[in-house]
Amino acid sequence: MTNKGLVVDYRALDEHQQVDTCSRCHARRFPVSLNDRYDHSFLDGFMPELVDEGFYYADGQMLDEVFNYGSFLQAKMYAKGVVCTTCHDSHTLKLRRPGNLLCASCHQPDPPTFAYPTLKAKNYDSRDHHFHKDDSIGAECVNCHIPPTTYMVNDPRHDHSFLIPRPDLSLQWGAPNACAKAGCHPDQEKKAATEYNQWLVEAMGKWYGVEWKNRPSITGIMTMARRGDPVAQIPLSQVISDPEKPAIVRATSAELLGQYGGSSLALVIQQLLDASPLVRVGAVCGLATLPNSQKPKLLDSIRKEVQKARSIP
Ligand code: HEC
Ligand code: HEC
Ligand code: HEC
Ligand code: HEC
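Residues numbered from 1 in each chain as written. Chains lettered and ligands numbered in written order. Predicted model: local features only at pLDDT ≥ 70, side-chain atom pairs only at ≥ 80, totals over all residues. Heavy atoms only, no water.

## So, the domain arrangement of the chain
Taken as a whole, the chain is organised into domain 1 (10-164), domain 2 (165-214) and domain 3 (219-306). Taking the mean C-alpha position of each, domain 1 and domain 3 sit 26 Å from one another. Taken together, the contact between domain 1 and domain 3 spans 16 residues of the former and 15 residues of the latter. In total, about 1300 Å² of surface goes out of reach between domain 1 and domain 3, with carbon and sulfur atoms giving 69% of it. When the area that domain 1 buries against domain 3 is broken down by residue, the three leading residues are L50, V51 and A58, summing to 41%. At the boundary of domain 1 and domain 3, one finds zero salt bridges. For the pair domain 1 and domain 3, the interface holds three residue pairs in polar contact (both at pLDDT 80 or more). The set of elements that each furnish at least two residues to the side of domain 1 that touches domain 3 consists of β2 (46-48) and α3 (69-74). For the side of domain 1 that touches domain 3, the element with the highest residue contribution is α3, accounting for four residues. For the side of domain 1 that touches domain 3, the per-class residue count stands at 10 nonpolar, two polar and four charged. (Domains from an automatic or database assignment. Contact = heavy atoms within 4.5 Å. Buried area = accessible area lost by both parts, 1.4 Å probe. Salt bridge = Lys/Arg side-chain N within 4 Å of Asp/Glu carboxyl O. Polar contact = N/O pair within 3.5 Å; in protein donor to acceptor, adjacent residues only side chain to side chain. Helix = DSSP H or I, 4+ residues; strand = E, 2+ residues; numbered from the N terminus. Nonpolar A, V, L, I, M, F, W, Y, C, P; charged D, E, K, R; others polar.)

## What to know about the coordination of the iron atom of ligand 1
Within the protein, a single donor atom binds the iron atom of ligand 1, namely H26 (NE2) at 2.0 Å. By secondary structure assignment, the location of H26 is in the loop between α1 (15-23) and β1 (29-31). (Donors = N, O, S within 2.8 Å, 3.2 Å for Na, K, Ca; no water.)

## Re the site of ligand 4
Around ligand 4 there are 18 residues in total, and C84, C87, H88, H158 and H160 lie nearest to it. Taking H158, its side chain carries an N or O atom lying 2.5 Å from an oxygen atom of ligand 4. Secondary structure elements with two or more residues in the shell around ligand 4: α5 (84-87) and β4 (155-158). It is β4 that provides the largest number of residues to the shell around ligand 4, a total of three residues. Its residues assigned to classes, the shell around ligand 4 comprises 12 nonpolar, five polar and one charged. (Near = heavy atom within 4 Å.)

## With respect to the side chain of D59
Inspection of the secondary structure assignment puts D59 in the loop between β2 and α3. In this structure, D59 is buried with no salt-bridge partner, the nearest side chain bearing the opposite charge being R226 at 7.4 Å. One polar contact links D59 to Q61, side chain to side chain, over a distance of 2.6 Å. Once you skip the residues sitting within four places of it in the chain, D59 turns out to touch Q74, L163, A175, P176, I218 and T219. (Buried < 20%, exposed > 50% of the residue type's maximum accessible area, 1.4 Å probe, protein only. Lys, Arg positive; Asp, Glu negative; His and termini not counted.)

## Here we look at the nonpolar core
Residues Y69, M222, L236, I248, L257 and L278 are the most contacted members of the largest nonpolar core, which totals 50 residues. Element by element, the count of residues in this core is highest for helix α14 (residues 247-257), at six residues. Two domains each put at least three residues into this core: domain 1 (10-164) and domain 3 (219-306). Residues in contact with L257, not counting those within four places in the same chain, are Q233, L236, S237, I240, S264, L267 and V268. (Core = buried A, V, L, I, M, F, W, Y, C linked by side-chain atoms within 4.5 Å.)

## Considerations on the coordination of the iron atom of ligand 2
Here the iron atom of ligand 2 is held by M77 (SD) and H107 (NE2), and the distances to it run 2.0 to 2.5 Å. One way to put it: the six donor atoms around the iron atom of ligand 2 meet at angles of 76 to 179°, and that makes the site octahedral. One end of the pair, M77, is in helix α4 (residues 76-79); the other, H107, is in the loop between α6 (99-104) and α7 (127-130), and 30 residues separate them in sequence. By relative accessible area, which is 23% here, M77 ends up partly exposed. Overall, H107 belongs to the partly exposed group, its relative accessible area being 26%. (Tetrahedral: all angles 85-135°; square planar, octahedral: opposite > 155°, others 65-115°.)

## A word on the site of ligand 3
In the vicinity of ligand 3 there are 21 residues, among which Y124, H129, C141, C144 and H145 approach most closely. Looking at the shell around ligand 3, the elements that each hand over two or more residues are α6, α7, α8 (141-145) and α11 (193-208). It is α8 that provides the largest number of residues to the shell around ligand 3, a total of three residues. Residue composition of the shell around ligand 3, by class: nine nonpolar, seven polar and five charged.

## Describing helix α13 (residues 233-240)
Burial in α13 covers these residues: L236, V239 and I240. An end-on view of α13 places all buried positions within 100° of arc, on one side of the element. Set apart from the buried face of α13 by more than 90 degrees, the exposed residues are I234 and Q238. Residues of α13 that are buried make contact with α12 (219-226), α14 and α15 (264-270). (Arc of directions from axis to C-beta.)

## Some remarks on the pattern of salt bridges
All chains considered together, the criterion is met by 11 salt bridges. Residues R37 and D39 are paired through a salt bridge, measuring 2.8 Å at the closest nitrogen-oxygen approach. Judged by relative accessible area, R37 falls into the partly exposed class, the value being 36%.

Okay, here's the thing in structure tokens:
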């Protein structure tokens, strides 16, 4: 293909950089530079909202209208190289396939493991997976895994974190879950939230056994950290140091860890050298409470560290 002289050469981008080109507009973010350029990194021009209170629930689901970027960064699919244009045609913006067929193009008994080696061979578009009547709203992948919330009366937005519904965590920590979205189970909606979620937990138990409850979640850690509870200090440090966790979650943890001061600050400072620019930004936010008088000394030592790491004389 000939080079058409476009500002962005998509052939030169990796998957995450490709997502960044959509995210300039499809992110809840604020500008940090007057000189934003499409051929520069998204984070050179913008600061996205982290998984913060008021914007996201503690488990990472969208609370306020945060658009798609911050959510999708948390998704396992993002980590495995799925990009926005895998599902959305970049010119028509239409979904590449309708309904469950879109998801079943990868999540099926004969999955494209040549492109995504960790995909499980399994028929998800079946009652064995979703336990709802065929063709009902409870049988649509979207309603359980990327559920919509309507903002400003007429503005439906789908939660691109692609989480797995967890009514047990709703019971324990209060974050919502897709199964309890309005309109799903009208009979149960008359009950108190606790009873409704209990009913959901029992249904999940019948269908999925016990393993589903062991799937790791940041809900408890983040809820406690947001309250400033010292119990969250060690788990937050573990999240920060876990390369398997999404960068935006690690960044949020660095931001939250700063509030504890003392020895926690050493770990936050260390993140100023992290390979992910988002984690570095999270660390800067985490150091906001540091007295101004200490900042120049700190920055000087970081500068020395960076020079050492890059072996610049
Ligand atoms: C220059 C800003 C900008 C960029 C870059 C951009 N979009 Fe959009 N996009 C918009 C606006 C504005 C809308 C309409 C408002 C909305 O729905 O959020 C929109 C709407 C959409 C919609 C919804 C269409 C519909 O029918 O409701 C999709 C899907 C979408 N964009 C995907 C993408 C993808 C994928 C990329 C990257 C390949 C991208 N956009 C890049 C600004 C942008
Ligand atoms: C292009 C292939 C592709 C398409 C299309 C796709 N997925 Fe995925 N999905 C993946 C991959 C790869 C993973 C990661 C699998 C793994 O490592 O466990 C994944 C993981 C998931 C997970 C597990 C998340 C977790 O935290 O464990 C869910 C849920 C999911 N996808 C739902 C969907 C839904 C819903 C759709 C349709 C809207 C969809 N996927 C479309 C490739 C795809
Ligand atoms: C009624 C809600 C519901 C619907 C509809 C639904 N899922 Fe799920 N999905 C779940 C639940 C609950 C789990 C967790 C199950 C477990 O832990 O065994 C899950 C887990 C998953 C996982 C991750 C677990 C794994 O096996 O790797 C993927 C991927 C997934 N679903 C894809 C899909 C796709 C694709 C569709 C549509 C064809 C779909 N789901 C429809 C509720 C649903
Ligand atoms: C795995 C498939 C998948 C991926 C990847 C994906 N989306 Fe979506 N997206 C959907 C589905 C499904 C909808 C719901 C559309 C509908 O029902 O018409 C949607 C809806 C949207 C909408 C319409 C507004 C809304 O939230 O409902 C926008 C804008 C959008 N996506 C942008 C993006 C951007 C930007 C990315 C990358 C950061 C992205 N999407 C990644 C499947 C995906």
